[in-house]
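Okay, here's what each chain looks like letter by letter:
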Amino acid sequence: MDSRVAKAHLDLRNHIEQMDKMSVSLFEAKEENKNLEQLSILLTSLLKKNIERDQILFAIGGGVTGDIVGFAAAIYKRGINYIQVPTTLLSMVDSSIGGKVGVNHPLGKNMIGAFHQPIAVLISLKFLDTLPDRELICGMGEIAKYAILRGDQFFDYFQSHTTQVFERSKPLLMKIIKTSIDTKKRYIERDVYENGVRAHLNLGHTIGHAIETATGYSVFKHGEAVLLGILAEAHIAMRMKLLKASAFEKILKLVRQLMNESNASVKLDDTIHLVLYDKKAKGGRVRFVLPTSIGNVTIRDDITPRNISDAMKFVASENLFVLS
Ligand SMILES: NC(=O)c1ccc[n+]([C@@H]2O[C@H](COP(=O)([O-])OP(=O)(O)OC[C@H]3O[C@@H](n4cnc5c(N)ncnc54)[C@H](O)[C@@H]3O)[C@@H](O)[C@H]2O)c1
């Protein structure tokens, strides 16, 4: 259980601890802790507690907790069942769904992992009452991705209701979360192991992951990096004449609506280098998911360092970071 969640929802922690055969292990959820060392600590604690193969792990927390606990469940005694209990908006709409689990490696994000489906995902909007606004923005980064994949109707609806997300309007959140999950489900049901269309869900992530890694995971949070990645990748698509300027403007407006200006420094060379190491590379070529309209994307493997550099310079010109 994410230690911050355990503190903010003490009643839940106490309740679990009073249940028969249940115990709580706390984990300090932050991107820097989603690594092999913390995984090893978690596995050791499971072994010390004599957890059997027929027992169930609960991952109670955001995407970091869900990814590392899910991966522990995938490899502990060759695999045990687990249940996702997402507590951030991002994990409710994205990371708890679809069975991708894993940890980061110094050479790249999510480089070590597995596909291991949870036997259930339990979502309670109550967790969002204690979630900081910045984390809501991160969730909206992934929702923006679904909005682009889904089409104008959901895109426009989401764009005009972001204020209500900050107000934590339950009916609105319910609608947006359900639509996001439904969108993700459609891709996963067609392609569980990401051999084809599931890759569309990586929109914004090729450049997003590189920005996140190049800045040491400590400047931009995952969902923020995805928003920056969406903008950069949309810029590449527009420059390649795959995306109309009007659709690009809509994406730019949404990203500007969600992201605050920042003078955080991002190293251009490091980012380009990291893009080349992205695990979505096939046959040595990096595959980019580029929007071709609000509602469609295409996969291209002919993106040059110059394309990436131009896009990064554009994002910097919007004052979302400073290039060095
Ligand atoms: N597996 C997948 O398919 C998938 C998809 C998208 C993202 N991810 C991964 O998810 C991670 C990002 O997830 P995240 O944004 O949830 O980050 P996170 O798990 O780090 O949570 C963000 C912060 O919110 C705190 N928190 C969590 N729930 C809270 C609550 N209810 N109240 C108060 N504070 C709370 C956490 O302690 C943490 O400080 C990244 O590592 C990313 O790679 C995975």
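Our subject is the structure that appears above.
Residues take numbers from 1 onward in each chain, read along the sequence in its written order. Reporting of local features is limited, given that this is a predicted model, to residues whose pLDDT is at least 70; pairs of side-chain atoms are given and counted only at 80 or more, and all residues count toward the totals for whole chains, interfaces and linings. Side-chain descriptors were evaluated using all non-hydrogen atoms of the structure, hydrogens and water having been removed beforehand.

Peer 1: What am I meant to see in the pattern of salt bridges here?
Peer 2: Oppositely charged side chains may form a pair once their charged atoms are brought near each other. Only one rule defines a salt bridge in this text: a Lys or Arg side-chain nitrogen within 4 Å of an Asp or Glu carboxyl oxygen. For the structure shown, the criterion picks out 24 salt bridges. The partner of arginine 168 in a salt bridge is aspartate 133, with the nearest N and O atoms 3.1 Å apart. Within this pair, whereas arginine 168 is found in the loop between helix 8 (162–166) and helix 9 (170–190), its partner aspartate 133 is found in helix 6 (residues 133–150), the two being separated by 35 residues in sequence. For arginine 168, a relative accessible area of 17% puts it in the buried group. Note on classification: 1.4 Å probe, protein chains only; a residue is buried when its accessible area is under 20% of the maximum for its type, exposed when over 50%, partly exposed between these limits. For aspartate 133, a relative accessible area of 40% puts it in the partly exposed group. Between lysine 145 and glutamate 142 there is a salt bridge, and its shortest N-O distance comes to 3.0 Å. Placement of the pair is lysine 145 and glutamate 142 together in helix 6, with a separation of 3 residues, close to one helical turn. Like glutamate 142, lysine 145 is buried. Ionic contacts of the salt-bridge type, sharing partners, join the residues Glu31, Lys34, Asp67, Lys109 and Glu212 into one network. Every helix listed is a DSSP run of H or I at least four residues long, and every strand listed is a run of E at least two residues long, numbered separately from the N terminus.

Peer 1: What is the right way to look at the site of the ligand in this model?
Peer 2: Taken together, 26 residues are adjacent to the ligand, and Asp2, Arg4, Glu31, Thr88 and Lys109 come closest. Polar contact criterion, stated in full: a pair of N or O atoms within 3.5 Å, where within protein one must be able to donate a hydrogen and the other to accept it, and residues adjacent in sequence count only if both atoms are side-chain atoms. Between an oxygen atom of the ligand and a main-chain N or O atom of glycine 63, the distance comes to 2.7 Å. Backbone polar atom of valine 64 to an oxygen atom of the ligand: 3.0 Å apart, as the coordinates give it. Out of a free accessible area of 870 Å², the ligand has 93% covered by protein chains. Every element with two or more residues in the shell around the ligand is listed here: helix 1 (3–8), helix 4 (63–75), helix 5 (89–95), strand 4 (108–115) and helix 6. Classification used: nonpolar for Ala, Val, Leu, Ile, Met, Phe, Trp, Tyr, Cys and Pro, charged for Asp, Glu, Lys and Arg, polar for all others including Gly. By residue class, the composition of the shell around the ligand is 7 nonpolar, 8 polar and 11 charged. If even one non-hydrogen atom of a residue comes within 4 Å of a molecule or strand, that residue is called near it. The method behind every accessible area is Shrake-Rupley, applied with a 1.4 Å probe, and residues are considered shielded solely by the protein chains displayed.

Peer 1: What should I look at first to understand the pairing of strand 3 (residues 100–105) in this one?
Peer 2: Side chains on a regular strand alternate between the two faces of the sheet. Inspection of the sheet shows strand 3 paired to strand 4 by 5 bridges, in the antiparallel sense. Bridging across to strand 4, valine 101 finds its partner in alanine 114. What sits between strand 3 and strand 4 in their antiparallel hairpin is a turn of 2 residues. Two strands are counted as paired when DSSP detects at least two bridges linking them.

Peer 1: What's the story with the layout of surface pockets in this structure? I'm lost.
Peer 2: Summary: where empty space remains is shown by rolling a probe the size of a single water molecule over the atoms. Every definition here rests on a 1 Å grid over the protein atoms only: cavities are sets of points where a 1.4 Å probe fits but cannot get out, pockets are open sets enclosed by protein on both sides within 12 Å along at least five of seven lines, and lining residues have some atom within 4 Å of a point. Grid points are joined across faces, edges and corners, and a volume is the space filled by probe spheres set on the points. The volume enclosed by the second largest pocket comes to roughly 770 Å³. Looking at the second largest pocket, it is lined by 31 residues, and the ones nearest its centre are Ser23, Val24, Ser25, Leu57 and Phe58. Sorting the residues of the lining of the second largest pocket by element identifies helix 2 (10–18), helix 3 (36–48), strand 1 (56–61) and helix 4 as the ones contributing at least two each. Top element by residues in the lining of the second largest pocket is helix 3. It accounts for 5 residues. Taken together, the residues of the lining of the second largest pocket break down into 19 nonpolar, 8 polar and 4 charged.

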